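A closer look at the structure
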Amino acid sequence: QVQLVESGGGSVQAGGSLRLSCTVSTSFSNGRYCLGWFRQAPGKEREGVAAIYSTGERTYYIPEVRGRFTISQDNAENKMYLQMNSLKPEDGAMYYCAADTRTPCTVVVGTRGAVASYAHWGQGTQVTISS
C-alpha cells in the first residue's frame, strides 16, 4: 500500500514563504506516477493546487497560485515538494499531498474530478497565514 507523509506546515505572515515536503513509500522509478498538492480550508471543498508527474517532466497549477507556488519532485528520494512564496491569507488551509499510481495516470488540479483522481493521500499539514 502506498503511504504518503507530508510536513512543513506552520504559521507565517502574509508575504512569507513555506516549503512543504511529502515522502512517498513507493519508488518513483517503478512508473510514471501522478503527484499533487491539495488544500482544504474550513467549510470549503478540497482543491488541487499543483500537480506533477513523478518524472518531473510537466507541472500544472491553478491560476490562484501560479507564479507563487512551485511543485517539484526528487526521483532519487521519492519525495515531492511545494514551495510557497508570497503567501496570501486565502492560502491558509490544510494541505495534503496525493498520488495516483495507475498506468496511465493524468495529472489534474482544481476541484472537478481532481480529488477522485488520486487514491493515495497524506495526513495533511496545516498552513496558517497571519496578516
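The structure contained in this document is the topic of the report that follows.

**Describing the environment of G36**
As for its position among the elements, G36 is in strand β4 (residues 34–40). By relative accessible area, G36 is classed as buried at 0%. As for G36 and N85, which are separated by 49 residues in sequence, their C-alpha atoms are 18 Å apart. When near neighbours in sequence (up to four residues on either side) are disregarded, G36 contacts A50, A51, I71, M80, Y96, C97, A98 and Y118.

**Observations regarding the sheet that holds strand β1 (residues 4–7)**
The four strands lie next to each other as β1-β3-β8-β7, forming an open sheet whose pairing is antiparallel. Lying at the two open borders of the sheet, with one neighbouring strand each, are β1 and β7 (69–74). With strand direction ignored, the average angle separating the axes of adjacent strands in the sheet is 15°. With six bridges connecting them, β7 and strand β8 (residues 79–84) associate as antiparallel partners. Bridge pairing in β8 links T70 to Q83.

**A word on the packing of aromatic side chains**
Tallied over the full model, the rule gives three aromatic pairs. Note on F38 and Y118: the rings are 5.3 Å apart at their centroids and 80° apart in plane angle, and the pair reads as edge-to-face. In this pair, F38 is assigned in strand β4 and Y118 in the loop between α1 (114–117) and β10 (120–121), connecting sequence segments 80 residues apart. With a relative accessible area of 2%, Y118 lands in the buried category. Centre to centre, the rings of Y118 and W121 are 6.4 Å apart; their planes meet at 65°, and the pair counts as edge-to-face. The exposure class of W121 is partly exposed, given its relative accessible area of 24%. Three or more aromatic residues joined by ring pairs make a cluster, and in this case those are F38, Y118 and W121. Across the ring face of Y81, the terminal group of R19 is positioned such that the distance to the ring centre comes to 4.0 Å. Lying over the aromatic face of Y53, R32 brings its terminal NZ or CZ to 3.6 Å of the ring centre.

Parameters at a glance
Residues numbered from 1 in each chain as written. Predicted model: local features only at pLDDT ≥ 70, side-chain atom pairs only at ≥ 80, totals over all residues. Heavy atoms only, no water. Helix = DSSP H or I, 4+ residues; strand = E, 2+ residues; numbered from the N terminus. Buried < 20%, exposed > 50% of the residue type's maximum accessible area, 1.4 Å probe, protein only. Contact = heavy atoms within 4.5 Å. Pairing = 2+ DSSP bridges. Axes fitted to C-alpha atoms, helices over the stretch in contact; angles between N-to-C directions. Phe/Tyr/Trp six-rings, centres within 6.5 Å; stacked < 30°, edge-to-face > 60°. Lys NZ or Arg CZ within 6 Å of the ring centre and 35° of its normal.

These values are about where atoms sit, not about what they do.
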